[in-house]
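One-letter residues, chain by chain:
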Amino acid sequence: MTVRTRFAPSPTGFLHIGGARTALFSWAFARKHAGDFILRIEDTDVARSTPEALQAILDGMQWLGLSHDEGPFYQMQRMEMYKKILQTMLDNGTAYYCYCSKDELETLRESQMQQNIKPRYDGRWRPETGKNLPTMPQDIAPVIRFKNPQTGNVVWHDLVKGEISIANDELDDLVIARSDGTPTYNFCVVVDDSEMGISHVIRGDDHVNNTPRQINMLQALAAFDTKIKVPQYAHLSMILGDDGQKLSKRHGAVSVMQYHEDGYLPEAVLNYLARLGWSHGDEEIFSMQQFCEWVDLDHITPSAAQFNTDKLKWLNAHYIKLATPEYLATDITKRLAKLNVDIASRPNSQPNLDAVIHLYKERANTLNELALSIAYFFQKPVIDIAATEKHLTDDIKPIISALKSTLSKVEWQAENIHEAINATVTKYQLKFPKVAMPLRVLITGIAQSPSIDQVMALLGKEEVLARISL
RNA sequence: GUCCCCAUCGUCUAGAGGCCUAGGACACCUCCCUUUCACGGAGGCGACCGGGGUUCGAAUCCCCGUGGGGACGCCA
């Protein structure tokens, strides 16, 4: 059997971390089994769907590199097919019209809540042999409801959570088409999943409660079309915020593109997401190629997982270290531009950006940190007054002055610069940092940097000498 | 409220009845490296939600609590 998975977001918001993880597992699972990954846009909620949200989702998927083999399919473009199937269900008695008004349903719900029973449709328009239906109101456009079985249990083996069983009498006859005729989510999912030949439905665990309804519909459809099969389900548990709280629009939920913005590499986000709620022994760091070989559904934890930004940062630092300067340069140039450091227009690109990145990439957690920390190579440093006062003391100033004139005569290479500093240190019988620290502060503005001789070599003689002004 | 799901260090997790004195990773702490800060290296701190069973033996299986989460829309 060919594995076919899908990611089916509704374009009502950005692609957040939970959605991205679901997409990642669907994508990887399809890749592992040489199957197909399908992108389907569930846009039947016309009022809330926006082109901006659609674009944001597409951008997020692209940034992460989760490429689909088919689609994107848009449900709004599949209306004819849904309506045809709706009519078939009406004809064969698996669905029926319901003329309840929204007010009527609201009243029903409230009274059920008051009696402490689960609120659900009471089936007043459900046709049964020998049953008298209410008088059809003139002013109500009907919805279509699915005639859900009333007895027995729906049982399926969830690939993540194991066997789940829900009694049919817990379920009601759900609306599958609105009064304006448009089909609803649960119906479209069922039609699309079977029509697209989806073998594994991998989705968030907020859909567990929809699954028995969907299975019932699938079975109703299958009774009239033997090609229709119930797919396998895998429900991924949700991701909690750093603080253990549920992610929501109001609290903590951010677009995956925000991570891009914040200076995270997609490699790091992907690796982190793959490892969140899934494991392959003790493996922590792995490529997507590796993940696609290893991924399986039985090692996904059924419990919710809390997001940990520190660990993401650690992975990000790792992938920055791994990356070549050339790979990072374009991105870093853009981030520098945002800091008003325009290096694109510098004539002979001195200092060399790749070399600077090379010097700094082992010390940054994010690309933003990296850009910020190398800005002083391309513009006057921001001086840390406290650090300057601490290291550039009056007693050392004459020595630095002397060093400056020595420096002005050396051939500009890190080794020679190091030697010059060493000579000064020896001459005045000092410890190396005693000289290196004031230099560092003068040149970089702050008290932390890579080897100061290497920094100086890269920055260029003229600029270094200019910055050593006391 | 009703139904469904979940429960190992602070966090992510390993764990399929004996390999468990519970392993790894992030974070934290100490030391080493060192030209400051990082990086890197070596250590350390730190968990089986509670109670009952089953079994020679339970983190692992069962039951009951407790706690957490989800669902209950003409949203998806």
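Residues numbered from 1 in each chain as written. Chains lettered and ligands numbered in written order. Predicted model: local features only at pLDDT ≥ 70, side-chain atom pairs only at ≥ 80, totals over all residues. Heavy atoms only, no water.

Q: So what's going on with the sheet that holds strand β8 (residues 175–177)? Which residues, and what values?
A: Pairing within the open sheet is antiparallel, and its three strands lie in the order β4-β5-β8. Of all the strands in the sheet, the pair left with one neighbour each is β4 (95–98) and β8. Sheet twist, expressed as the average angle between the axes of neighbouring strands with direction ignored, equals 45°. Where strand β5 (residues 143–146) meets β8, two bridges bridge the pair, whose relative direction is antiparallel. Within β8, the residue paired with R145 across the bridge is V175. (Pairing = 2+ DSSP bridges. Helix = DSSP H or I, 4+ residues; strand = E, 2+ residues; numbered from the N terminus. Axes fitted to C-alpha atoms, helices over the stretch in contact; angles between N-to-C directions.)

Q: Account for the protein's contact with RNA strand B, with residues named and values stated.
A: Surveying the vicinity of RNA strand B reveals 61 residues, the closest of which are N116, R178, G277, R363 and S449. The sugar-phosphate share of atoms of RNA strand B within 4 Å of the protein amounts to 68%. Between RNA strand B and H418 there is a distance of 3.1 Å, counted from a base oxygen to a side-chain nitrogen or oxygen. In this structure, D453 approaches RNA strand B through a side-chain N or O atom, which is 2.5 Å from a base oxygen. For the surface near RNA strand B, the secondary structure elements donating two or more residues are α4 (102–114), β7 (162–167), β12 (305–306), α10 (309–322), α17 (432–444) and α18 (452–459). Counting residues per element, the surface near RNA strand B draws most heavily on α17, at five residues. Of the residues in the surface near RNA strand B, the class split is 20 nonpolar, 20 polar and 21 charged. (Near = heavy atom within 4 Å. Polar contact = N/O pair within 3.5 Å; in protein donor to acceptor, adjacent residues only side chain to side chain. Nonpolar A, V, L, I, M, F, W, Y, C, P; charged D, E, K, R; others polar.)

Q: A description of the pattern of salt bridges should follow, citing residues and the corresponding values.
A: A full pass over the atoms with the stated rule returns 26 salt bridges. The residue D193 makes a salt bridge to R6 at a minimum N-O spacing of 3.0 Å. With D193 in helix α5 (residues 185–195) and R6 in strand β1 (residues 4–7), this pair connects stretches of sequence that are 187 residues apart. On the basis of relative accessibility, which here comes to 4%, the residue D193 falls in the buried class. Close ionic contact of R31 with D69 constitutes a salt bridge, the shortest N to O distance being 3.1 Å. Of the two residues, R31 is situated in helix α1 (residues 17–32) and D69 in the loop between α2 (51–64) and β3 (70–74); the sequence distance between them amounts to 38 residues. Within the structure, one salt-bridge network assembled from shared partners comprises R6, R40, E42, R78, D192, D193 and E195. (Salt bridge = Lys/Arg side-chain N within 4 Å of Asp/Glu carboxyl O. Buried < 20%, exposed > 50% of the residue type's maximum accessible area, 1.4 Å probe, protein only.)

Q: Kindly report on the packing of helix α12 (residues 353–360) against α18, identifying the contributing residues and their values.
A: Packing of α12 against α18 brings their axes to within 10 Å, and their N-to-C directions diverge by 165°. Here α12 is positioned roughly antiparallel relative to α18, judged by the angle of their axes. For the element pair α12 and α18, the recorded crossing hand is left-handed. Contacts between α12 and α18 involve A355, V356 and L359 from the former and Q454, V455 and L458 from the latter. (Parallel < 35°, antiparallel > 145°, perpendicular 65-115°, else oblique. Left-handed = near helix turned anticlockwise from the far one by under 90°. Contact = heavy atoms within 4.5 Å.)

So far we have only geometry, and geometry alone does not tell us how the molecule works.
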